[in-house]
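# Overview (structure and organization)
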Number of protein chains: 2
Amino acid sequence: MATIKDVARSAGVSVASVSRVLNKGPKVSQKTIENVLKVVKELNYSPNANARALVTQKSTTIGVVIPELVDPFFASLAHGVEQVARKKNMQLLLSTGLVSAATEMQAINLLIERRCEVMVVHSKKLSDETLIELANNVPGLVLIDRYIEAIAHRCVWLDNLEGGKIAARHLLALNHQSFACISSKHQIDDPLLRLQGFQSELQSAGADIEESLIEYGEPTLQGGEMATQKLLASGKHFSALFVYNDAMAIGAISTLEDNGFKVPSDISVLGFDDVLLSRYSRPKLSTLNYPIEEMAMQAANIGLELTAKRPTNTSDVNCKHIPRLVKRESTSFKQ
Amino acid sequence: MATIKDVARSAGVSVASVSRVLNKGPKVSQKTIENVLKVVKELNYSPNANARALVTQKSTTIGVVIPELVDPFFASLAHGVEQVARKKNMQLLLSTGLVSAATEMQAINLLIERRCEVMVVHSKKLSDETLIELANNVPGLVLIDRYIEAIAHRCVWLDNLEGGKIAARHLLALNHQSFACISSKHQIDDPLLRLQGFQSELQSAGADIEESLIEYGEPTLQGGEMATQKLLASGKHFSALFVYNDAMAIGAISTLEDNGFKVPSDISVLGFDDVLLSRYSRPKLSTLNYPIEEMAMQAANIGLELTAKRPTNTSDVNCKHIPRLVKRESTSFKQ
DNA sequence: TTGAAAGCGTTACCAT
DNA sequence: ATGGTAACGCTTTCAA
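Residues numbered from 1 in each chain as written. Chains lettered and ligands numbered in written order. Predicted model: local features only at pLDDT ≥ 70, side-chain atom pairs only at ≥ 80, totals over all residues. Heavy atoms only, no water.

## So, the pairing of strand 6 (residues 179-184) of chain A
Residue and element names in this part refer to chain A. For strand 6, the buried fraction is high: six of the six residues fall into the buried class. Every second residue of strand 6 is oriented toward a common face, with Phe179, Cys181 and Ser183 on one face and Ala180, Ile182 and Ser184 on the other, all of them buried. Pairing geometry for strand 6 and strand 8 (residues 240-243), over four bridges, is parallel. Across the sheet, the residue bridging to isoleucine 182 is valine 243, located in strand 8. (Buried < 20%, exposed > 50% of the residue type's maximum accessible area, 1.4 Å probe, protein only. Helix = DSSP H or I, 4+ residues; strand = E, 2+ residues; numbered from the N terminus. Pairing = 2+ DSSP bridges.)

## Details of the relation of the copies chain A and chain B
In screw terms, the move from chain A to chain B is a rotation of 180° and a rise of 0.0 Å along the axis, fitting with an RMSD of 0.0 Å. The transformation just described matches what one would write down for a two-fold rotation axis. A shared interface surface links the copies, since 100% of the contact residues of chain A are contact residues in chain B too. (Least-squares fit on C-alpha atoms with pLDDT ≥ 70 in both. Contact = heavy atoms within 4.5 Å.)

## Things to note about the protein's contact with DNA strand D
Taken together, 27 residues surround DNA strand D, and among them Ile4 and Tyr45 of chain A together with Arg20, Lys27 and Thr32 of chain B come closest. For DNA strand D, the fraction of protein-proximal atoms (within 4 Å) that sit in sugar or phosphate groups is 63%. Serine 17 of chain B places a polar side-chain atom, nitrogen or oxygen, 2.9 Å from a phosphate oxygen of DNA strand D. At a separation of 3.1 Å, a phosphate oxygen of DNA strand D approaches a polar side-chain atom of glutamine 57 of chain B. Within the surface near DNA strand D, the residues separate by chemical class into 12 nonpolar, 12 polar and three charged. (Near = heavy atom within 4 Å. Polar contact = N/O pair within 3.5 Å; in protein donor to acceptor, adjacent residues only side chain to side chain. Nonpolar A, V, L, I, M, F, W, Y, C, P; charged D, E, K, R; others polar.)

## Things to note about the interface of chain A and chain B
The interface is formed by 48 residues belonging to chain A together with 49 residues belonging to chain B. Summed over both partners, the interface of chain A with chain B buries about 4,700 Å², with 53% contributed by carbon and sulfur atoms. Put simply, chain A and chain B have four salt bridges between them. Residue glutamate 257 of chain A is joined to arginine 282 of chain B by a salt bridge in which the shortest nitrogen-to-oxygen separation is 3.7 Å. Linking chain A with chain B are 23 residue pairs in polar contact (both at pLDDT 80 or more). (Buried area = accessible area lost by both parts, 1.4 Å probe. Salt bridge = Lys/Arg side-chain N within 4 Å of Asp/Glu carboxyl O.)

## Here we look at the sheet that holds strand 8 of chain A
Residues and elements named next belong to chain A. Here we have four strands laid out as an open sheet, ordered 7-6-8-9, and parallel in their pairing. Only two strands of the sheet have a single neighbouring strand rather than two, namely strand 7 (214-217) and strand 9 (268-270). Neighbour-to-neighbour, the strand axes of this sheet turn through a mean angle of 20°, independent of strand direction. One ladder, built from four bridges, connects strand 6 with strand 7; its direction is parallel. Within strand 7, the residue paired with cysteine 181 across the bridge is isoleucine 214. Sitting on the sheet, helix 8 (residues 160-173) is in contact with strand 6, strand 8 and strand 9, with an inclination near 165° to strand 8. The strands that helix 10 (residues 221-233) touches are strand 6, strand 7 and strand 8; relative to strand 7, the one it contacts most, it runs at about 150°. (Axes fitted to C-alpha atoms, helices over the stretch in contact; angles between N-to-C directions.)

## Some remarks on the UniProt feature "domain: HTH lacI-type" (unreviewed entry) in chain A
UniProt records the feature "domain: HTH lacI-type" (unreviewed entry) at residues 2-56 of chain A, using the numbering of this structure. With 69% helix and 0% strand, residues 2-56 of chain A has its two end C-alpha atoms placed 21 Å apart. (UniProt positions renumbered as here; feature names shortened; annotations may be inferred.)

## Looking at the packing of helix 2 (residues 15-22) of chain B against helix 3 (residues 30-43) of chain B
Residues and elements named next belong to chain B. Contact geometry for helix 2 and helix 3: axes closest at 10 Å, N-to-C directions at 90°. Between helix 2 and helix 3, the angle falls in the class roughly perpendicular. From helix 2, Ser17, Val18, Val21 and Leu22 reach across to helix 3, where they touch Thr32, Ile33, Val36, Leu37 and Val40. Split into classes, the residues belonging to the contact of helix 2 with helix 3 amount to seven nonpolar, two polar and no charged. (Parallel < 35°, antiparallel > 145°, perpendicular 65-115°, else oblique.)

## Considering the pattern of salt bridges
Per the stated rule, a full pass over the model turns up 29 salt bridges over all chains. Residues arginine 279 of chain A and aspartate 274 of chain A are paired through a salt bridge, measuring 3.9 Å at the closest nitrogen-oxygen approach. On the basis of relative accessible area, arginine 279 of chain A is assigned to the partly exposed category, the value being 34%. Aspartate 128 of chain B is the partner of arginine 146 of chain B in a salt bridge, and the nearest nitrogen-oxygen pair spans 2.7 Å. With a gap of 18 residues between them, arginine 146 of chain B in the loop between strand 4 (141-144) and strand 5 (155-158) and aspartate 128 of chain B in helix 7 (residues 128-137) connect regions that are remote in the sequence. Taking the relative accessible area as the measure of exposure, aspartate 128 of chain B reaches 32% and is therefore partly exposed. Via salt bridges that share partners, Glu162, Arg169 and Glu201 of chain A belong to a single interconnected network.

## Some details on the protein's contact with DNA strand C
The environment of DNA strand C is made up of 27 residues, and the closest members are Lys27 and Thr32 of chain A together with Ile4, Ser19 and Tyr45 of chain B. A breakdown of the atoms of DNA strand C within 4 Å of the protein gives sugar and phosphate a share of 67%. Between DNA strand C and the protein, one listed contact pairs a phosphate oxygen with a side-chain N or O atom of serine 29 of chain A at 3.0 Å. Contact distances for DNA strand C include 3.3 Å between a phosphate oxygen and a side-chain N or O atom of glutamine 57 of chain A. Those elements that provide at least two residues to the surface near DNA strand C are helix 2 (15-22) and helix 4 (49-56) of chain A together with helix 2 and helix 4 (49-56) of chain B.

## Points about unusual backbone geometry
Glycine aside, residues mostly have negative phi angles, and peptide bonds mostly take the trans form. For the bond running from valine 263 of chain A to proline 264 of chain A, omega is 10°, close enough to zero to count as cis. For proline 264 of chain A, the position within the fold is in the loop between helix 11 (246-258) and strand 9. The omega torsion across arginine 282 of chain A and proline 283 of chain A is -5°, close enough to zero to call that bond cis. Positionally, proline 283 of chain A belongs in the loop between helix 12 (276-280) and strand 10 (287-289). Here the phi dihedral of asparagine 175 of chain A falls at roughly 75°; this positive angle occurs in a residue that is not glycine. A relative accessible area of 30% places asparagine 175 of chain A in the partly exposed class. Unlike most non-glycine residues, threonine 60 of chain B shows phi in positive territory, near 45°. Within the secondary structure, threonine 60 of chain B sits in the loop between helix 4 and strand 1 (61-65). The class of threonine 60 of chain B is partly exposed, set by a relative accessible area of 33%.

## Overview of the sheet that holds strand 6 (residues 179-184) of chain B
Residues and elements named next belong to chain B. Taken in spatial order, the four strands make up an open sheet running 7-6-8-9, and their pairing is parallel. Looking at the sheet topology across the chains shown, the edges are occupied by strand 7 (214-217) and strand 9 (268-270). Each neighbouring strand pair of the sheet contributes to a mean axis angle of 20°, computed without reference to strand direction. Looking at chain direction, strand 8 (residues 240-243) and strand 9 are connected through three bridges and run parallel. Note on strand 9: the bridge partner recorded for leucine 241 is valine 269. Seen against the sheet, helix 8 (residues 160-173) touches strand 6, strand 8 and strand 9 and runs at an angle of roughly 165° to strand 8. Helix 11 (residues 246-258) rests against strand 6, strand 7, strand 8 and strand 9 of the sheet, and its axis sits at about 145° to strand 8.

## Thoughts on the packing of aromatic side chains
Tallying each qualifying case throughout the model produces 12 aromatic pairs over all chains. When the centroid spacing of 4.7 Å and the interplanar angle of 40° are considered together, the rings of tyrosine 147 of chain B and tryptophan 157 of chain B count as tilted. One end of the pair, tyrosine 147 of chain B, is in the loop between strand 4 and strand 5; the other, tryptophan 157 of chain B, is in strand 5, and 10 residues separate them in sequence. Here tryptophan 157 of chain B falls in the buried class, since its relative accessible area comes to 18%. Their ring planes at 50° and their centres at 6.4 Å tell us that phenylalanine 242 of chain B and phenylalanine 272 of chain B sit as a pair that is tilted. Linking phenylalanine 242 of chain B in strand 8 with phenylalanine 272 of chain B in the loop between strand 9 and helix 12 (277-280), this pair joins segments that are 30 residues apart in sequence. Residue phenylalanine 272 of chain B is classed as buried on the basis of its relative accessible area, which comes to 0%. The structure contains a cluster of three or more aromatic residues connected by ring pairs, namely Phe179, Phe198, Phe242 and Phe272 of chain A. Across from the ring centre of phenylalanine 272 of chain A, 3.6 Å away, lies the NZ or CZ of arginine 194 of chain A, which sits over that ring. (Phe/Tyr/Trp six-rings, centres within 6.5 Å; stacked < 30°, edge-to-face > 60°. Lys NZ or Arg CZ within 6 Å of the ring centre and 35° of its normal.)

Below, the structure is given as structure tokens:
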């Protein structure tokens, strides 16, 4: 592969001149420009981004750490980051496959070695302390879907507790009195907080939810189906079901209808996340919108600010997001 | 950020020694290893991947070019590549946002500048000639979802024509006689070939499909809904509907049921792709499985072979994939 | 306007 | 086993 020296030699100029025309530097004669450009084309020259990164000390790269790509939720996250990357003429380096604290750490370290200017990190396993230290060492690091007091201005997160409350209020307003809930068995804060918010709001309204009407499952279609079967097996009555996420909610609806319950006339079902899926289900899923793409864009922009020379006052931006109720067809007034 | 020199100085050894312990090179005393490792931790040293790439002439990067991340189909593609990247301890560089030949070219060029060892490219807009020339210049470049004779062994593709035929055979075997079809208005080969295969197989069986029962739309839920409305508006009867992709098929089912048609008892609907969505729909969608993830893995592996020193004989591998019928609930025997 | 040369952070070869 | 140093491909300062 041709180097800048090859171009310089072939064009009969110095490497400095070639560099100048390539970077639209100042003071280059039109003649040199044309000459160099011609040779560049002839030799099929492509500048080596690694060499350039080394000398300029900037990689023009935004790193993203997510558990996996196929989950549409994380795909949206990556997409959000990608949009700001494109706008800034930067590129996306992806580090995925997170199942443990160790692999999360590894993913982050890879991005550090690449010297990404900004890093948008989705970490559920790493400890607060680890993340804080990391943030102190990496100027452009921003956390998404996680809140840590000490680095609050570098956390972009969703208020899951409030989400649970909004869910409860919606179902309450629909005149429901007997509730069930399907949560995730994954050991992260999100499901706990959602359930907690849901219960607390119920209690404020004088309602409650029986312990036996709370089920746990994998956050997938199948997990939702299985949890619903267990719920049904209990024989207990309920008219409203709040589910951890959309995939589980769709699995729940499926099982409910297979067992002769109509949604929403017999049972209202409310999901969480508002992924693409929810618009494709029948009945269309009522859910809470998780604006992950916008949040990802915000995170990336914060990272950019952080690494910028002129530090704009970014400390007062609001990084807390509240999910928004999206009323579709799976919830209705209880007669 | 600390460099290897800092570590060397602080550890009282040469940079060469530091490099050796970091790369587990031969002939280093246990004492030096421990010493260096200690300092590395103290200084929070992280090797600069750009510098390393420059001197070793390898970036340990696999590049992927796709139109966008949020489409689950392309997310699966990226996921496939990512899996082989992880296995090889390489990383994923993503270049997206393709709408025109120009942006596709740009995306590819970025990956070239980064000196990706292998590149898995999904291009629909670039000409055969351009792609062939590119392939000649970039050893590790592999095309996915596209077939070009001249570089056949570097193309991993799906036989869309055969897919259309399989669809026709399935519907025919189900005793259907009157057909409709929804295709994509996007100007790429895929929809054309699928339709062509479908029609040709129909004709071989003495059946046919009326011109007015072929509709076109955007390859989305809404596109499927609109196309179905137009189909219905024609007033013509049909008992089997073959749709360009799963999203459109789900939109079609939705519109069909809203208009009083039962799927599959009144009308059978067959999708294409077998994305996650198809398992979540009600009725569950019968469709043709597009093994994009495996194909992506194969593409990445071919790229790896191509750039390997010892050129394994890769020219005889089969890069053509045939979609597989997945019979679920949206198609049934016509009484 | 142009060129020479230093230097970015590594690795790898050659000495010792 | 260890150290010195050239080289990787580029940008940028300093002179001319």
